[in-house]
Amino acid sequence: MQEEQQPEAAADPMSSSDVPEDGPKETSSVSQTDADAFKILLEMKMKKRQKKPALPSTVTELNTEDGSKVYVVGTAHFSDSSKKDVVKTIQEVQPDVVVVELCQYRVSMLKMDEKTLLKEAKEINLEKLQQAIKQNGVMSGLMQMLLLKVSAHITEQLGMAPGGEFREAFKEASKVPFCKFHLGDRPIPVTFKRAIAALSFWQKVKLAWGLCFLSDPISKDDVEKCKQKDLLEQMMAEMIGEFPDLHRTIVSERDIYLTYMLKQAAKQIELPRASETEPQRYIPAVVVGVVGMGHVPGIEKNWNSDLNIQEIMSVPPPSASSKIFKFVIKATVFGLMGYGCYRIGQRTVQFILSMPAAQSYLQKLTEIRSQH
């Protein structure tokens, strides 16, 4: 994806060592041997590609004006069934590009095993909080940690790490000849900063309170029942239902961004030429998109629209309420630290004064003062 409007952070999925990058390149010509080899491999891929693929009910098919096809797999982020849907779809359609609902800030989950991810998701500590604040700022960092708490709550309840469908998509894409792997979500710092800017002071307090005291039990059956709406996004939707602006930044704007990235991935593919004199040839692309079920309606709604993502990539300056909230948070932290030092100091003094040696010394001082 080489469009000038496309932000670099989202366009560069991973290093070449991690993602299969042996697909058709936009080069002027290649050797005859390479062209023949490409033709043979492409024919093998086309034979495996089903003309009428038997797809899961969670898949939505979209088409572009130039004939490219996009198969959007709507998933629940904590679902074994969703993982199977992703694998089946990729095997059936043998895509040229796989696009997932991840950004470069969350790409590490593709390389971790389930055990490590489960441990990471459950552990929310001071070090992670400091890292989030350093990366995204105080307000966005705190919001990120609160949302991670929601994810950790689901992880703890189900004993299942998030993002299994993305890891399956990554593994299956590597098995398909000439298949590229793209990250299709808006960078998470941008989403958090725009979400924070959309809230008033009291809305921030109310949202933080709701996230802090999330404790409802969740079963695996609950997850599968949410195949029509992703569980994590449904829980978030319930909590942010009172805040339309927050829903706009976290869901609706990302619907637009995901749609844009899928359309970019669906551009026709240029076939390599054996010589400069050979005419250029293009074929329609086949794309598989793996996104949360809650984003599918928005992607369908925006599919035939002319999209410009520049506006939803900008971060507005902090509002007065944000500055007040930031000051309150800092004042609270420093206040608690000061009170802790005071309490520790007070207890230390009481402990020293209660020692026999100290009491004896004080008694002698009292006697000396009385003599004078």
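Further up the page is the structure itself.
Residues numbered from 1 in each chain as written. Predicted model: local features only at pLDDT ≥ 70, side-chain atom pairs only at ≥ 80, totals over all residues. Heavy atoms only, no water.

S.K.: Is there a simple way to explain the packing of aromatic side chains in this structure?
M.R.: Under the criterion given, the structure shown has 1 aromatic pair. Each ring, one from phenylalanine 170 and one from phenylalanine 181, has its centre 5.1 Å from the other, and the planes form 75°; the classification is edge-to-face. Within this pair, whereas phenylalanine 170 is found in helix α7 (residues 164-173), its partner phenylalanine 181 is found in strand β4 (residues 180-183), the two being separated by 11 residues in sequence. Overall, phenylalanine 170 belongs to the buried group, its relative accessible area being 15%. Look at phenylalanine 181 and you get buried, because its relative accessible area is 0%. Directly above the aromatic system of tryptophan 303 lies the positively charged group of lysine 263, at a separation of 5.8 Å from the ring centroid. (Phe/Tyr/Trp six-rings, centres within 6.5 Å; stacked < 30°, edge-to-face > 60°. Helix = DSSP H or I, 4+ residues; strand = E, 2+ residues; numbered from the N terminus. Buried < 20%, exposed > 50% of the residue type's maximum accessible area, 1.4 Å probe, protein only. Lys NZ or Arg CZ within 6 Å of the ring centre and 35° of its normal.)

S.K.: What is the right way to read the pattern of salt bridges from this model?
M.R.: Pairing is possible between side chains of opposite charge, provided their charged atoms come close. The final tally for this structure, using the stated rule, is 12 salt bridges. We note a salt bridge from arginine 254 to glutamate 101, for which the minimum N-O separation is 2.7 Å. Here the residue arginine 254 occupies a position in helix α12 (residues 244-265), and glutamate 101 occupies one in the loop between β3 (97-100) and α4 (114-122), the gap between them amounting to 153 residues. In this structure arginine 254 comes out as buried when scored by relative accessible area, which is 10%. The partner of arginine 248 in a salt bridge is glutamate 253, with the nearest N and O atoms 2.9 Å apart. Three or more residues joined by partner-sharing salt bridges are found here, namely Glu101, Arg106, Asp185 and Arg254. (Salt bridge = Lys/Arg side-chain N within 4 Å of Asp/Glu carboxyl O.)

S.K.: Just to check I follow, could you spell out the pairing of strand β1 (residues 59-63) for this structure?
M.R.: In summary, the side chains of a regular strand alternate between the two faces of the sheet. In this sheet, strand β2 (residues 69-75) lies alongside β1 in antiparallel orientation, the contact comprising 5 bridges. If you follow asparagine 63 over to β2, its bridge partner there is lysine 69. Between β1 and β2, which pair antiparallel one after the other, the connecting turn spans 5 residues, and glycine 67 there sits at a positive phi close to 95°. (Pairing = 2+ DSSP bridges.)

S.K.: How should I be thinking about the packing of helix α8 (residues 188-197) against α12 in this particular structure?
M.R.: Each pair of packed helices can be described by the angle between their axes along with the distance between the axes. Where α8 meets α12, the axes come as close as 7 Å, and the angle between the chain directions of the two elements is 150°. α12 is crossed by α8, and the crossing has right-handed handedness. Judged by residue contacts, Thr191, Arg194 and Ala195 of α8 engage Leu246, Arg248, Thr249, Ile250, Glu253 and Arg254 from α12. Considering only residue class, the contact of α8 with α12 consists of 3 nonpolar, 2 polar and 4 charged. (Axes fitted to C-alpha atoms, helices over the stretch in contact; angles between N-to-C directions. Left-handed = near helix turned anticlockwise from the far one by under 90°. Contact = heavy atoms within 4.5 Å. Nonpolar A, V, L, I, M, F, W, Y, C, P; charged D, E, K, R; others polar.)

S.K.: It is not clear to me how the nonpolar core should be interpreted in this structure. Could you clarify?
M.R.: Side chains of nonpolar character tend, in soluble globular proteins, to be buried together. If you look at the biggest cluster of nonpolar residues, it comprises 23 residues, and the most contacted ones within it are Val98, Val100, Ala169, Phe181 and Val288. Every element with two or more residues in this core is listed here: β2, α3 (80-93), β3, α7, β4 and β7 (286-292). Here this core takes 4 residues from α7, the largest share from any one element. If sequence neighbours within four positions are ignored, valine 288 has contacts with Tyr71, Val73, Thr89, Ile90, Val93, Pro95, Val97, Val98 and Val99. Core analysis: the second largest hydrophobic core is formed by 15 residues, Leu258, Leu262, Ala265 and Met293 among them. (Core = buried A, V, L, I, M, F, W, Y, C linked by side-chain atoms within 4.5 Å.)

S.K.: I would appreciate a short explanation of unusual backbone geometry in the present structure.
M.R.: Trans peptide bonds make up the majority, and among non-glycine residues the majority have a negative phi. Of note in this structure, glutamine 94 is not a glycine but carries a positive phi near 45°. Positionally, glutamine 94 belongs in the loop between α3 and β3. Assessed through its relative accessible area of 4%, glutamine 94 is described here as buried. A positive phi angle, near 60°, is found at phenylalanine 178, a position not held by glycine. For phenylalanine 178, a relative accessible area of 8% corresponds to the buried category.

S.K.: Can you help me understand the sheet that holds β7 in this one?
M.R.: The strands making up a sheet are joined through hydrogen bonds of the backbone, oriented either antiparallel or parallel. Strand order across the open sheet formed by 5 strands is β1-β2-β7-β3-β4, with mixed pairing between neighbours. With partners counted over all chains shown, the strands left at the sheet margins are β1 and β4, one partner each. In this sheet, adjacent strand axes meet at a mean angle of 20° when their direction is disregarded. Pairing of β2 with β7, which is carried by 7 bridges, proceeds in the parallel orientation. Across the sheet, valine 70 pairs through a bridge with valine 287, a residue of β7. On top of the sheet, α12 reaches β2, β3, β4 and β7; it is set at about 165° to β7, its chief contact.

S.K.: Before we go on, may I ask you to explain α3 in this structure?
M.R.: Because an α-helix completes one turn every 3.6 residues, residues spaced three or four positions apart along the sequence face the same direction. Compared with the 20 Å implied by 1.5 Å per residue over 14 residues, the 21 Å span of α3 between its first and last C-alpha is a close match. The complete set of buried residues in α3 reads Ser82, Lys83, Asp85, Val86, Val87, Thr89, Ile90, Glu92 and Val93. The first or second residue beyond α3 is glutamine 94, which carries a positive phi of 45°. (Expected span 1.5 Å × (residues − 1).)

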